[in-house]
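# A closer look at the structure
Listed here are the chains, written in short residue letters.
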Amino acid sequence: MSGAPHTRRPATLASLAAELGVSRTTVSNAYNRPDQLSAPLRARVLEAARRLGYPGPDPVARSLRTRRAGAVGLLLTEALSYAFRDPVATGFLEGLALACEQAGQGLLLVPVSPEHADVTAVHQAGVDGFVVYSVREDDPHFLAVLQRPVPTVVCDQPIGVEGVDRVGVDDRAAMLGMARHLTGLGHRRFGVLCMRLTAHRHDGPADEARQAQTSYPVQRTRLAGLRDGFAEVGVTWAEVPVHERFEHTIDAGAAAAAELLAAHPDITALVCTSDILALGALRYAVQHGLGVPEELTITGFDGVPEAERAGLTTVRQPVRDKGQVAGELLLERGDRSKPRQVILPTELVVGTTSKAPRALHRFFSGW
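First things first, this report covers the structure right here in the doc. Since we're looking at a predicted model, the values are computed, not measured.

### Some details on the sheet that holds strand β2 (residues 106-111)
Read from one edge to the other, the open sheet built from 6 strands follows the order β2-β1-β3-β4-β5-β12, with strand pairing classed as parallel. Each of the sheet's edge strands pairs with one partner strand only, and the pair in question is β2 and β12 (341-344). Neighbour-to-neighbour, the strand axes of the sheet open up by a mean angle of 20 degrees, direction not taken into account. Across 6 bridges, the pairing between strand β1 (residues 71-76) and β2 is parallel. Considered in β2, the bridge of Val 72 is made with Leu 107. Along the sheet face, helix α15 (residues 319-331) touches β1, β3 (130-133), β4 (152-155), β5 (165-169) and β12 and points at about 165 degrees away from the line of β5.

Next comes the structure, spelled out in structure tokens:
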């Protein structure tokens, strides 16, 4: 009668130290503090560990002992795929990953739905701090982050949260510059496509009352910049139709452009609060035979690569730098008694999609 097959017990830190005739601290340092060992000794420890099947220190036990997870959490109130699909989010993520890489830290994405209030993912995230990527002021996931006893850095929004560092751009000034560019060309009949204004799904016209209720400060300030710029030439904001889209996709931009232009065919300039919406509007114009910029000027905001390839007039913001600066602020040691705010520069990029309105162009050309 044959006995049960012999199974060798997995090596432990203690058994590996005994095998090598060294202390447990020496074995631990081979993994956690390699600078404390000579290269030959560390190589001998790692080779013995491989031979005996020792997998290394338990990361869970280590995090419990050191009270550090070795990772930064990125709170993203969108589907996980958004971080790899949206070019602004992708650029931001690249910059944040670079900061983590340089600091020897991991990066944990914590994606949550903007339409649901389950904050379990935030409470369970094993991270040493959070970078919060552009969420609304009353977002329950953000409020859950603030309950965690870890440092937090906000990118873009919310604005002015007590005790929290922030990285962003001056959205109002950037859009004011765009408005002045368009009014300088002679435009007076405007339409605006904007991103979501509240957590509740809405696709369609956004009147002044809805705009005033927005819980997304970035959209509020971008619209305010346009309002102030148009007012400089006597265009009242009540005259300007604003259409909102909940989803941030090219398809959403195309649908919004179709809806707004059908209701207001006299518009000469369509101003979008993101390049993605603008690219959708541009696609709609091309598919329906609208000459851009001869018949319709279209502008965006962000400066994503696809917008550059399309020749879109836009505001370029340093999205990768935003991510890197946010990561560096979070991982920086030192005094955190006063919140820090970093405002990065933007640039108006005049492409091939903006031009004087046809009637004005005809007048100055002597047609």
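### Brief notes about the nonpolar core
By size, the foremost hydrophobic cluster in this structure holds 43 residues, and its most contacted members are Phe 92, Val 131, Tyr 133, Leu 193, Leu 270 and Ile 298. With sequence-adjacent residues up to four places away left out, Val 131 is seen in contact with Val 72, Gly 73, Leu 74, Leu 75, Phe 92, Leu 96, Val 153, Ala 326 and Leu 330. Residues Ala 179, Leu 223, Val 271 and Phe 301 belong to the second largest nonpolar core, which totals 21 residues.

### Description of the packing of aromatic side chains
In total, this model carries 3 aromatic pairs according to the counting rule given. Considering the side-chain rings of Phe 230 and Trp 237, the 6.1 Å spacing of their centres and the 25 degrees angle between planes classify their relative orientation as stacked. The class for Phe 230 is buried, based on a relative accessible area of 0%. A residue is classified by how much of its surface remains accessible, and Trp 237, at 9% relative accessible area, is buried. One aromatic cluster in this structure is built from Phe 190, Phe 230 and Trp 237. Over the ring of Phe 246 we find Arg 196; its NZ or CZ atom is 4.1 Å from the centre of that ring.

### Remarks on α15
For α15, with 13 residues, the first-to-last C-alpha span of 19 Å sits near the 18 Å given by 1.5 Å per residue. Val 319, Lys 322, Gly 323, Gln 324, Val 325, Ala 326, Gly 327, Leu 329 and Leu 330 are the residues of α15 that are buried. Contacts from the buried residues of α15 go to β1, α6 (87-102), β3, β4, β5 and β12.

### Things to note about the pattern of salt bridges
Summed over all chains, the structure comprises 18 salt bridges. The closest approach of N and O atoms between Asp 138 and Arg 136, which form a salt bridge, is 2.7 Å. Asp 138 sits in the partly exposed class, given a relative accessible area of 44%. For the salt bridge of Lys 322 with Asp 156, the shortest nitrogen-to-oxygen distance reads 2.5 Å.

### Quick notes on the packing of helix α2 (residues 24-32) against helix α3 (residues 39-52)
Running from N to C, α2 and α3 point in directions that differ by 95 degrees, and their axes come no closer than 10 Å. Judged on the interaxial angle alone, α3 and α2 are roughly perpendicular. Contact with α2, carried on its side by Thr 26, Val 27, Ala 30 and Tyr 31, involves Leu 41, Arg 42, Val 45, Leu 46 and Ala 49 of α3 and no other residues of that element. Split by residue class, the contact of α2 with α3 holds 7 nonpolar, 1 polar and 1 charged.

Reading the values: the criteria
Here, residues in each chain are numbered from 1, in the same order as that chain's written sequence. For this predicted model, a pLDDT threshold of at least 70 governs which residues receive local features, and a threshold of 80 or more governs which side-chain atom pairs are given and counted, while totals over whole chains, interfaces and linings are taken from all residues. Hydrogens are left out, water is left out, and the side-chain values use all remaining heavy atoms of the structure. Think of it this way: DSSP has to see at least two bridges between two strands before they count as a pair. Comment: elements are numbered from the N terminus, with helices defined as DSSP H or I runs of at least four residues and strands as E runs of at least two. To obtain each axis, a line is fitted to C-alpha atoms, and for helices this fit is confined to the stretch in contact; angles are then taken between N-to-C directions over 0 to 180 degrees. Contact criterion: two residues are considered in contact whenever any of their non-hydrogen atoms come within 4.5 Å of each other. Take the buried residues of types Ala, Val, Leu, Ile, Met, Phe, Trp, Tyr and Cys, join any two whose side-chain atoms come within 4.5 Å, and each joined set is a nonpolar core. Residue burial is assigned from relative accessible area. The probe radius is 1.4 Å, only protein chains are included, and a residue is buried under 20% of its type maximum, exposed over 50%, and partly exposed in between. By convention, a stacked pair of Phe, Tyr or Trp rings (six-membered ring in the case of Trp) has centres within 6.5 Å and planes under 30 degrees apart, an edge-to-face pair has planes over 60 apart, and any other such pair is tilted. Consider the ring centre and the ring normal. A charge sits over the ring if Lys NZ or Arg CZ is within 6 Å of that centre and within 35 degrees of that normal. By definition here, a helix of n residues has an expected span of 1.5 Å times n minus one. Any Lys or Arg side-chain nitrogen located within 4 Å of an Asp or Glu carboxyl oxygen qualifies as a salt bridge. In what follows, roughly perpendicular refers to angles from 65 to 115 degrees, roughly parallel to angles under 35, roughly antiparallel to angles over 145, and oblique to any angle outside these ranges. Three residue categories are used. Nonpolar comprises Ala, Val, Leu, Ile, Met, Phe, Trp, Tyr, Cys and Pro, charged comprises Asp, Glu, Lys and Arg, and polar comprises the others, including Gly.

Purely geometric numbers; function is a separate question.
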